[in-house]
Number of protein chains: 4
Amino acid sequence: MKTETITPQSQETIRNILDTAAQIFAEVGFAGARVDEIARRANVNKAAIYYHIGSKEALYAQVLQEIFSDLSERIVQHVQEAQMPEEKLRVYIRQIGQTLQTRPQLAAIMMREIASGAQHLPDVIMQTLVQMISILTTILKQGEEAGVFTPSIPLMIHFMIVGQFIFLRTSKHLISQHQEAVPESFKSTHQTISETIVEEVENLVLRAVKK
Amino acid sequence: MKTETITPQSQETIRNILDTAAQIFAEVGFAGARVDEIARRANVNKAAIYYHIGSKEALYAQVLQEIFSDLSERIVQHVQEAQMPEEKLRVYIRQIGQTLQTRPQLAAIMMREIASGAQHLPDVIMQTLVQMISILTTILKQGEEAGVFTPSIPLMIHFMIVGQFIFLRTSKHLISQHQEAVPESFKSTHQTISETIVEEVENLVLRAVKK
Amino acid sequence: MKTETITPQSQETIRNILDTAAQIFAEVGFAGARVDEIARRANVNKAAIYYHIGSKEALYAQVLQEIFSDLSERIVQHVQEAQMPEEKLRVYIRQIGQTLQTRPQLAAIMMREIASGAQHLPDVIMQTLVQMISILTTILKQGEEAGVFTPSIPLMIHFMIVGQFIFLRTSKHLISQHQEAVPESFKSTHQTISETIVEEVENLVLRAVKK
Amino acid sequence: MKTETITPQSQETIRNILDTAAQIFAEVGFAGARVDEIARRANVNKAAIYYHIGSKEALYAQVLQEIFSDLSERIVQHVQEAQMPEEKLRVYIRQIGQTLQTRPQLAAIMMREIASGAQHLPDVIMQTLVQMISILTTILKQGEEAGVFTPSIPLMIHFMIVGQFIFLRTSKHLISQHQEAVPESFKSTHQTISETIVEEVENLVLRAVKK
DNA sequence: AATGAATGAGAATTCATTCAT
DNA sequence: TATGAATGAATTCTCATTCAT
């Protein structure tokens, strides 16, 4: 059994590239990103990116892949563990919230992707999304049947959840950018939200779907 | 008596440029947009864009300006006309929904802007946003005092509203792009939503804030 | 006899254009000059330049023409009036010096022209130059024959004269541009020169050619 | 033993670019120069110029820098070696003359620079010029004190020297350009000058300052 | 005569990608 | 693996000139 000869330090180089790329794609999007800049900020020679990854598009796909890979798994697993529809829905929301907190770039990248009609989203990722909606649909249906949820459209609920998290996360940036234009009260409120954000979203969504 | 010579022909050219630019910026974002392409699709000489507008950045700023200019006005005006907090909130939501339906590009552009920390958003526009939040805050407070709303955080409610609309609108594209990965049921549902979308969002939000 | 119907106010427009153009060509050269800029600074519509003059090249030629037209005449005339070779040479120098003082742009334009091999100099102007050299040659020969001048090469003497004036004039700008790098003493000296510059050059050249 | 690998190939590319650029800037000036043309004539990809140098302006600055760097050193060194003021002055003139013969572009570039008020001349170069004037001032003062020179203004003497060389050099071009307008005698004379040009200038200047 | 608008042909600069070592 | 250099294809922007009024 090979145990560790797989990759000496190139592993580190690749890690570096992917992390930096994720950051930059989040900041300026695919079209706005510059391979030169990614190389510079990753402390890596530009040619190394091509050696290891292949192309800017491949780099982007890999970044997305990485970011999405565990989200779906986590949801499937944790939702199963919960019993009641209400609790399952909370788990669903919580997993999304936590993923977005762990991978802060995901929000920005997703927003751009959705804005441009997901032209760059590999099908693998689309399937992940569809799978998530299916899970949510099941949860909501169970809730309806159990008489605790009012009828609602799963897709809208999903976007309600994702939208909340994404907007709140990305808007932090937005607010700090325009300090002058934002009143004091606004800022402190925002601060408070960030800390209990997941719980807030849970409550809001639950209120919206509960009978 | 000539009553219609008011518009020198250049007005039309500029209109053309701005509309086409709005469309393209919505499709591919600022970095992805090509001035050549804008000129081509606007049936305008590229140099004319520089003659009338000045630069790609100025073009983008002007597009944003235009798109935002009337939203805030509409909200201020219509909200005043409504009486009860509940109705005021519905009006607030409806105006946003209608603006996004009239100017379909707004949603996509906003998503990108928020994703990149609103680096391009002029302060004028930020102020518009802040003003909108203030109005919403007043509505929610009145509702609380009247005993019809449960306490909630205005900023989150705002993003809940905007997020819903934006996501639903932009996701139409997304779904049609990835036909293969999307199940039949999913699509028809989506179709249905689009038609009653504004009403749906109203209900969802109202349920979320009502006592 | 027509007395004044020749040109109403277009005369003024043309004057404006030519003067501004002379200034700008002196500042940045032919290639560096922008027709837009000339129009702007002349308070004239750009199309008017084309209406009145025809093209950028034509504008340049006309500017040169104007500037050179009277120089040669003045020299021919005044040199004849002087008697002794020494006095004739002084007159020659003085006329050049005065022309350059009246038309400050001439120096800069000439320097550029010479630097680029006079590609833009119309033959008319070349002939003027050649004529001037002939006059100088005659003066110097007469001086030699009269035993007051030492043999010298007319072309060099001409360049000595013109070079002095042109360099001194253009270098004023140069010195004021780089205040920090220029010592105090340097500046005041320069000031003094400017006032008696013509006389200085006369003496210098006379000393150089006298026996 | 390899003794010549010191120069990585990029050195050659840069050398090529700078030499070609110097040539072209001399021919047509900064504004008239085309980066495309420089690349073409240097047998270098246009992007390589940007890779190595950065911009057209940077290229120009570097060309100026290079051309001036050794002139000042040479003068300082050689003038010291001479004993008598008269000989020192000849050395001063000779060094300038030889530099202009080695770097034929210098003359043309300097003329344009002076014509446009030395907007592009970095202060480093201005300091070089000022230093040269200081040296000349010292020489002339010593000559006066020794009773061999008549009082004169150093700046004018300097421009007399430089002007002569520059004009003579650049005017070669001028004359060949306008063959038709130039009489036979004129041309042959000019030929003769070129060969003994340095010596001629020395004599001319010496005569002008000697008592 | 005069002008705002328009335009085609550049011109500087950028950028993803490849190459030689 | 890694890297400095090179490159072709854009891409933004400029500019002399023309047009319609």
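Preceding block: the structure.
To keep things clear, this report deals only with the structure shown in the data block. (Residues numbered from 1 in each chain as written. Chains lettered and ligands numbered in written order. Predicted model: local features only at pLDDT ≥ 70, side-chain atom pairs only at ≥ 80, totals over all residues. Heavy atoms only, no water.)

1. Remarks on the protein's contact with DNA strand F
Near DNA strand F you find 33 residues, and of these Ser10 and Asn45 of chain A, Lys46 of chain B together with Asn45 and His52 of chain D are the closest. For DNA strand F, the backbone makes up 64% of the atoms found within 4 Å of the protein, where backbone means sugar plus phosphate. One of the side-chain N or O atoms of Asn45 of chain A is found 3.2 Å from a phosphate oxygen in DNA strand F. Between DNA strand F and Thr13 of chain D, the relevant distance is 2.7 Å, taken from a phosphate oxygen to a side-chain nitrogen or oxygen of the residue. Every element with two or more residues in the surface near DNA strand F is listed here: helix 1 (10–32) and helix 3 (46–52) of chain A, helix 2 (35–41) and helix 3 (46–52) of chain B, helix 3 (46–52) of chain C together with helix 1 (9–32) and helix 3 (46–52) of chain D. The element contributing the most residues to the surface near DNA strand F is helix 3 of chain A, with 5 residues. (Near = heavy atom within 4 Å. Polar contact = N/O pair within 3.5 Å; in protein donor to acceptor, adjacent residues only side chain to side chain. Helix = DSSP H or I, 4+ residues; strand = E, 2+ residues; numbered from the N terminus.)

2. Quick word on the protein's contact with DNA strand E
Taken together, 33 residues form the shell around DNA strand E, and within it Arg34 and Lys46 of chain A, Asn45 and His52 of chain B together with Asn45 of chain C come nearest. Within 4 Å of the protein, the contacting atoms of DNA strand E are drawn from sugar and phosphate to the extent of 64%. Take Arg34 of chain A: an N or O atom from its side chain is 2.5 Å from a phosphate oxygen of DNA strand E. Looking at the surface near DNA strand E, the elements that each hand over two or more residues are helix 3 of chain A, helix 1 (9–32) and helix 3 of chain B, helix 1 (10–32) and helix 3 of chain C together with helix 3 of chain D. Residue composition of the surface near DNA strand E, by class: 15 nonpolar, 10 polar and 8 charged. (Nonpolar A, V, L, I, M, F, W, Y, C, P; charged D, E, K, R; others polar.)

3. Focus: the side chain of Ser72 of chain D
Residues and elements named next belong to chain D. Here Ser72 is to be found in helix 4 (residues 56–81). Overall, Ser72 belongs to the buried group, its relative accessible area being 11%. A polar contact of 3.0 Å, which involves the side chain of Ser72, links it to the side chain of Gln131. Each residue touching Ser72, except ones within four places of it in the same chain, is listed here: Thr128 and Gln131. (Buried < 20%, exposed > 50% of the residue type's maximum accessible area, 1.4 Å probe, protein only. Contact = heavy atoms within 4.5 Å.)

4. Topic: unusual backbone geometry
Backbone geometry at Asn43 of chain B places phi at a positive 55°, although glycine is not the residue there. Position of Asn43 of chain B relative to the elements: it lies in the loop between helix 2 and helix 3.

5. Focus on the pattern of salt bridges
Oppositely charged side chains are able to pair whenever their charged atoms sit close together. According to the stated counting rule, one finds 40 salt bridges over all chains in the structure shown. In this structure, the salt-bridge partner of Arg90 of chain C is Glu202 of chain C, at a minimum N-O distance of 2.9 Å. Note that Arg90 of chain C is positioned in helix 5 (residues 85–102) and Glu202 of chain C in helix 9 (residues 184–209), a separation of 112 residues in sequence. Here Arg90 of chain C and Glu202 of chain C have matching classes, each one buried. Through salt bridges with shared partners, a single network forms among Glu27, Glu37, Arg40 and Arg41 of chain A. (Salt bridge = Lys/Arg side-chain N within 4 Å of Asp/Glu carboxyl O.)

6. What to know about the packing of aromatic side chains
Tallied over the entire structure, the rule returns 12 aromatic pairs over all chains. Ring plane angle 20° and centroid distance 6.0 Å describe the contact between Phe25 of chain C and Phe30 of chain C, whose orientation is recorded as stacked. There is no split in this pair, since Phe25 of chain C and Phe30 of chain C are both buried. A ring pair is formed by Phe25 of chain D and Tyr60 of chain D, whose centres lie 4.8 Å apart and whose planes are at 80°; its orientation type is edge-to-face. Of the two residues, Phe25 of chain D is situated in helix 1 and Tyr60 of chain D in helix 4; the sequence distance between them amounts to 35 residues. Grouping residues by exposure puts Phe25 of chain D and Tyr60 of chain D together as buried. Three or more aromatic residues joined by ring pairs make a cluster, and in this case those are Phe25, Phe30 and Tyr60 of chain A. The ring of Phe30 of chain B carries the charged tip of Lys56 of chain B above its face, separated from the ring centre by 4.6 Å. (Phe/Tyr/Trp six-rings, centres within 6.5 Å; stacked < 30°, edge-to-face > 60°. Lys NZ or Arg CZ within 6 Å of the ring centre and 35° of its normal.)

7. Considering the packing of helix 6 (residues 104–115) of chain C against helix 6 (residues 104–115) of chain D
At their nearest, the axes of helix 6 of chain C and helix 6 of chain D sit 8 Å apart, and the two run at 160° to each other. In terms of orientation, helix 6 of chain C and helix 6 of chain D fall into the roughly antiparallel class. Like other packed secondary-structure pairs, helix 6 of chain C and helix 6 of chain D cross with a definite hand, here left-handed. Facing Ala108, Met111, Arg112, Ile114 and Ala115 of chain C of helix 6 of chain C, the residues of helix 6 of chain D in contact are Ala108, Met111, Arg112, Ile114 and Ala115 of chain D. Split by residue class, the contact of helix 6 of chain C with helix 6 of chain D holds 8 nonpolar, no polar and 2 charged. (Axes fitted to C-alpha atoms, helices over the stretch in contact; angles between N-to-C directions. Parallel < 35°, antiparallel > 145°, perpendicular 65-115°, else oblique. Left-handed = near helix turned anticlockwise from the far one by under 90°.)

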